[in-house]
Amino acid sequence: MGSLRNREKIHNPVLVREVLDFFAPLKNARIIDATVGTGGHTLALIKEGAEVLGIEADGQMLEVAARRLEDACPTPNQNGWGSFKLVKGNFRNIDIIATEIRYSDVDGVLFDLGVSNIQLTSPNRGFSFSNPQAELDMRIDPGSQGVRASDLLNGLRTDQLVSLFELTLKSGPAKWLAKGVIKSREQKPIKIVEDFLEVCKDLRTRSKLNKATLPFLALRMAVNSELANLKEALPEAFSLLKKGGRLSVITFHSGEKKIVLDFFHEKKREEKGKILTDGGISPTSKEVDENPRARSAELWVLVKS
Ligand SMILES: C[S@@+](CC[C@H](N)C(=O)[O-])C[C@H]1O[C@@H](n2cnc3c(N)ncnc32)[C@H](O)[C@@H]1O
């Protein structure tokens, strides 16, 4: 049997060197990776000697991470490596998850937001418009989430659809798209990716991205309550840090960035934290060339006073 790397696709983690540098020194440091994905950041942290609690809401991703990390680190705390423990859960419950296993007073918490390219390219999960025949699902954790993307498109009122699309679009295009969805579902329910692509195809936007990119992102954010989860998780994560501990967040769009910066500035005003990354840390052009998904990534770090 080949190693896991040969058998399974793995997400390319972003800004790894920068994340490690902000958490240093990592020998015996207690770190929570709140978005384990396929375990890239966790593996890098363990290699530097950290003890990592990894949290992940998507059971499929967690299985990939578990196999990968067990392959790489079968015996904890050997050869200078650290250890890991993985928990399936939503990071909006980070305090309950960590406290239950007595994992508080930590040196660092990492959030690498959004979804991985493994989820995005998965042929049957409906995250991306590159699989037109997939059901329009988009749930990160289908076991605990009842509402699919298609349910939102078929069930929300016009004003609710407008608010949903305004997560990523300006008011005009959001209204236009909401009307398009209503018109389309009057003909037949919206079920698969192609049905929604058809609605998006004449969307007028100044963005250079594919016309469907921002509507699909808004839908994914709504299905998974992404902004609400982040808002809830940041104060909880901060409360788990010891004095001098670092909260690191990798954002990919302005909605995430606003929530992170509002929280960081609140802690700064209260003199409870210091921001270490004024303008955010972006990947080098070399990293973006090697991994185009990294292009919109920004790392933000707050240290607890
Ligand atoms: C960008 S990927 C992380 C990739 C990871 N750093 C790696 O190196 O493979 C984001 C991950 O966070 C997970 N996720 C998103 N929202 C979550 C939440 N509220 N709670 C826990 N995990 C979540 C997604 O399922 C996805 O696997």
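- Per an unreviewed UniProt entry, the recorded name for the protein is Ribosomal RNA small subunit methyltransferase H, and the organism is Candidatus Woesebacteria bacterium RBG_16_42_24.
- The heading Subcellular location (unreviewed entry) in the UniProt record of the protein holds the text "Cytoplasm".

## Overview of the site of the ligand
Piece 1. Around the ligand, a shell composed of 22 residues is seen, among which Pro-13, Thr-35, Gly-37, Gly-40 and Ala-57 lie nearest.
Piece 2. Of all elements in the fold, only α3 (40–47) and β2 (51–56) reach the threshold of two or more residues within the shell around the ligand.
Piece 3. By residue class, the composition of the shell around the ligand is 7 nonpolar, 11 polar and 4 charged.

## As for the pairing of strand β1 (residues 30–33)
Piece 1. Of the two faces of β1, both are covered, the one formed by Arg-30 and Ile-32 as well as the one formed by Ile-31 and Asp-33.
Piece 2. Summarising the sheet, β1 and β2 pair through 4 bridges and their orientation is parallel. Pairing of Asp-33 across the sheet is with Gly-54, part of β2.
Piece 3. What joins β1 to β2 is α3, and the crossover it makes is right-handed.
Piece 4. In this sheet, strand β4 (residues 106–112) lies alongside β1 in parallel orientation, the contact comprising 3 bridges. Each residue of the ladder has a partner; that of Ile-31, found in β4, is Gly-108.

## A look at the UniProt feature "binding site: S-adenosyl-L-methionine" (unreviewed entry) in the protein
Piece 1. Residues annotated by UniProt as "binding site: S-adenosyl-L-methionine" (unreviewed entry) correspond here to Gly-39, Gly-40, His-41, Glu-56, Phe-91, Asp-112 and Gln-119.
Piece 2. If you trace the backbone, Glu-56 turns up in strand β2.
Piece 3. Classification of Glu-56 as buried rests on a count of 29 C-beta atoms within 10 Å.
Piece 4. Setting aside anything within four residues of it in sequence, one finds Glu-56 in contact with Thr-35, Val-36, Gly-37, Met-61, Leu-62, Ala-65 and Lys-88.
Piece 5. Relative to the helices and strands, Gln-119 resides in helix α6 (residues 117–121).
Piece 6. Given 20 C-beta atoms within 10 Å, Gln-119 falls into the buried group.
Piece 7. The residues touching Gln-119, leaving out its near neighbours within four places in the chain, are Asp-58, Met-61, Arg-125 and Phe-127.

## As for the environment of Leu-261
Piece 1. Its location among the elements puts Leu-261 in helix α13 (residues 254–269).
Piece 2. For the pair Leu-261 and Ile-55, spaced 206 residues apart in the sequence, the C-alpha separation amounts to 23 Å.

Reading guide: rules and limits
- Residues numbered from 1 in each chain as written.
- Predicted model: local features only at pLDDT ≥ 70, side-chain atom pairs only at ≥ 80, totals over all residues.
- UniProt positions renumbered as here; feature names shortened; annotations may be inferred.
- Near = placed C-beta within 6 Å.
- Helix = DSSP H or I, 4+ residues; strand = E, 2+ residues; numbered from the N terminus.
- Nonpolar A, V, L, I, M, F, W, Y, C, P; charged D, E, K, R; others polar.
- Buried ≥ 20, exposed ≤ 12 C-beta atoms within 10 Å, placed from the backbone.
- Pairing = 2+ DSSP bridges.
- Right-handed = clockwise from strand over helix to strand, strands pointing away.
- Contact = placed C-beta atoms within 7 Å.

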